[in-house]
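Structural overview for review
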Amino acid sequence: MPDQRHYQQQSQHDGDGIGNATANERSSLLLREVSSTESQYSSLGGPATPICSPMTPAFERRGRPGSRKRPRKLQGRAALNINLLTALNGPASFAIPWAFQEAGLAAGVIGVVLVALFSYFTLWFLIRCKRHLSASGSGDAGAARGLKQQEESGDDGGADKGKHPAMAVLAPTPLPPSQQQQQQLRRWRGLQDNDGLQQLTYAEIAALSLGAPASSLVKAATCISCLGACAAYATFIAGMLTQLFPVWEEGEVLCGLLPIFVLLSWVRGFRRLSFFNVGGNLSLVVGVLAIFYDGFTRLAASSSASSPPSSPVIPPPSSSSPSFLEARGIHLLQPQTLFLFFGPTAFLFVIHYCAVPIESEAEYPEDFTQALGLSMALTAMLDIAVGSAGYIFYGGTSPLVRNPAGQVVAGCERPVCDNVLKNIEAGPLKTIIFAAFSLNLTLTYIIMLAPPREYLEEIVVGSDSLLPTKWQRNILRSLLVTFTFVVASTIHQFGLITAFVGAITDTLQGFILPPLIYAATFAACVSKCEKMLLWAMSGLGVVLMFTATSQNVGELKRLVLDNINQKF
């Protein structure tokens, strides 16, 4: 480690912009205790990326003195944009047409823009807090926690003794270093990141700003989000397989898949699974193209079938002739089910827990805000296009999707299915898309299961039990998989599961907590008016959470009652 010591010594003489390396080591090791399981999560909206996946075991990511690890390669500008786009886009995009059907065409377009903007600003809040707490925080806020433990243990703490921890956390943002210092800091940071220094996770940011309970809340929300995403993926896979093999019921498919997923959950390593992200992204692109191809084909066929035969008599124009949207039964606004739209959209755009490690591994962190804005804008345009096209092609007066026996396919109780790929006409293209998505989501499911099982294994698994540690882990993972399959079989709607997850846990992590974290981190710098605005943003998140969850519960009750009426 001679190069690392060289840059640490050089950084001490290059100004405060670089920071004190010894204090950084001490405070970062203390921060590891706040979040002992440092998983970098997959996006809930799509397949896991290498940046966001728990590819390295937790004990290897802790900054242990003397541990030797392969140096981390920081991602450039192109990789930064690709990783953000991959995190934002995924299978949940195919639930957006269902969300447009519930909200209305105009409300859906406006809603996507508003959710994207809200997510962008709250993520900007979180990243700015992360930079403050890691740049001035590793030397100040992080050292404040070390100072507190030094005072409790009786250590004098050197020259920092007597400095109040809260004042260190809320210290103003330091002046930016010079260009030369920035280059040296970037090289120094690339070395220090190998030991986990200056890389705060969402849970650590919440702990430093709001206290340890906020960190536990973030971890719990992440666990629930990941388990909900796993249940949604199980429903997605089962729904596709029932259309490929109509003789099977969705419950039978889930029962057949359960042992396979249980065995896959026992896999210890995930590094070799990352290449399947390429297949997942390709499946997404092919799926979107298939929706437009099938939809325009249907429109052309319906227009040719409804066109009247040529006649020499030209009928007089009628001022009351319906428009294209009215003729297809497309509504601009659906007030009764408006907030069913919010959950799936938040499910897509809330990538805060994944974006924090992506920003930490950026070679040029100053480009993150611009890359995030571009990725959010492109994702919003894609979701508006897919949502609008899917609703216009398959919604309104379109017939319900039925199996060969004439029964309505599960999840297609309304014209637009919970997964719009179900609406595509049966054929070789649909079979290829379903097969590709089934394989990719099976592996993504196992990766998404990693954060909650790591958290719970740390709590439950112990050496004092009669069972070996290995079997304790396997039993816990089997129970988690069984739980997600029970949720999938109970709700059996991909769109509704994403609606619940997005409305509860993603709203908490994306809309409620970031303004509070920002207000607490910069309490000494934020004016009273700005603080009220931040509290209002958080309050709006609370209102959206309860309103959307209430409508989701009502929709679930309706589905349960309909199923009971069909059986009896």
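Residues numbered from 1 in each chain as written. Predicted model: local features only at pLDDT ≥ 70, side-chain atom pairs only at ≥ 80, totals over all residues. Heavy atoms only, no water.

Points about the overall build of the protein chain
Rules: In this description a helix means any DSSP run of H or I spanning at least four residues, a strand means any run of E spanning at least two, and both kinds are numbered starting from the N terminus. The classification of residues rests on relative accessible area computed with a 1.4 Å probe and restricted to protein chains. Under 20% of the type maximum is buried, over 50% is exposed, and intermediate values are partly exposed. Contacts are assigned to residue pairs with any non-hydrogen atoms lying within 4.5 Å of each other. Method for areas: the Shrake-Rupley scheme with a 1.4 Å probe, in which residue coverage is limited to the protein chains shown.
Counting its regular elements, the protein chain contains 21 helices and zero strands. Sorting the 568 residues of the protein chain into buried and exposed places 53% on the buried side. Taking as baseline every contact in the protein chain between residues at least 6 positions apart, the subset at least 24 positions apart corresponds to 84%. Accessible surface for the protein chain amounts to roughly 25500 Å². Of this, 65% is attributable to carbon and sulfur atoms.

Observations concerning the packing of aromatic side chains
For clarity, the cut-off: Aromatic pairs are defined between Phe, Tyr and Trp rings, using the six-membered ring for Trp, whenever the two ring centres lie within 6.5 Å; interplanar angles under 30 degrees are classed as stacked, those over 60 as edge-to-face, and all others as tilted.
Per the counting criterion, the structure on display carries 20 aromatic pairs. On the basis of an interplanar angle of 55° and a centroid distance of 5.7 Å, the ring pair of Trp124 and Phe125 is categorised as tilted. Look at Phe125 and you get buried, because its relative accessible area is 9%. Measuring from centroid to centroid gives 4.8 Å for Phe236 and Phe494, while their planes differ by 75°, and the two rings are edge-to-face. Note that Phe236 is positioned in helix α10 (residues 212–244) and Phe494 in helix α20 (residues 494–521), a separation of 258 residues in sequence.

Observations regarding the state of the cysteines
Defined as follows: Any pair of cysteine sulfurs within 2.5 Å is marked as a disulfide.
Summed over the entire model, instances satisfying the criterion amount to one disulfide. There is a disulfide in this structure between Cys412 and Cys417, and the S-S distance comes to 2.0 Å. Between Cys412 and Cys417, the disulfide has an S-S torsion of 110° and is therefore right-handed. Neither Cys412 nor Cys417 differs from the other in exposure class; each is buried.

What to know about the pattern of salt bridges
Keep this limit in mind: Put simply, a salt bridge is a Lys or Arg side-chain nitrogen that is within 4 Å of an Asp or Glu carboxyl oxygen.
This structure, assessed with the given rule, holds 10 salt bridges. In this structure, Arg298 and Asp294 form a salt bridge, with 3.3 Å as the shortest nitrogen-oxygen distance. Within this pair, Arg298 and its partner Asp294 are both found in helix α12 (residues 276–306), separated by four residues, close to a single helical turn. Judged by relative accessible area, which is 30%, Arg298 ranks as partly exposed.

As for helix α11 (residues 250–265)
Which entries qualify depends on this criterion: A helix's residues, less one, multiplied by 1.5 Å, set its expected span. In this scheme, the bend at a residue equals the angle between the axes fitted to the seven residues that finish there and the seven that begin there.
For α11, spanning 16 residues, the distance from its first C-alpha to its last is 21 Å, which sits close to the expected 22 Å at 1.5 Å a residue. At Leu258, α11 is bent by approximately 30°, the largest bend along its length, and proline Pro259 sits one to four residues beyond. Among all positions in α11, only Glu250, Val253, Leu254, Leu257, Phe261, Val262 and Ser265 are buried. Residues of α11 that are buried make contact with α10, α17 (428–448) and α19 (469–491).

Things to note about unusual backbone geometry
Backbone geometry follows two general trends: most residues other than glycine have a negative phi, and most peptide bonds adopt the trans configuration. Residues other than glycine seldom take positive phi values, yet His492 does so here, at roughly 45°. Positionally, His492 belongs in the loop between α19 and α20.

Describing the environment of Phe341
Within the fold, Phe341 resides in the loop between α13 (324–327) and α14 (342–349). Sequence separation of Phe341 and Ala548 is 207 residues, and the distance between their C-alpha atoms is 8.2 Å. Here Phe341 is in contact with Ala99, Phe100, Ala103, Gly108, Gly111 and Val112, once residues within four sequence places are set aside.

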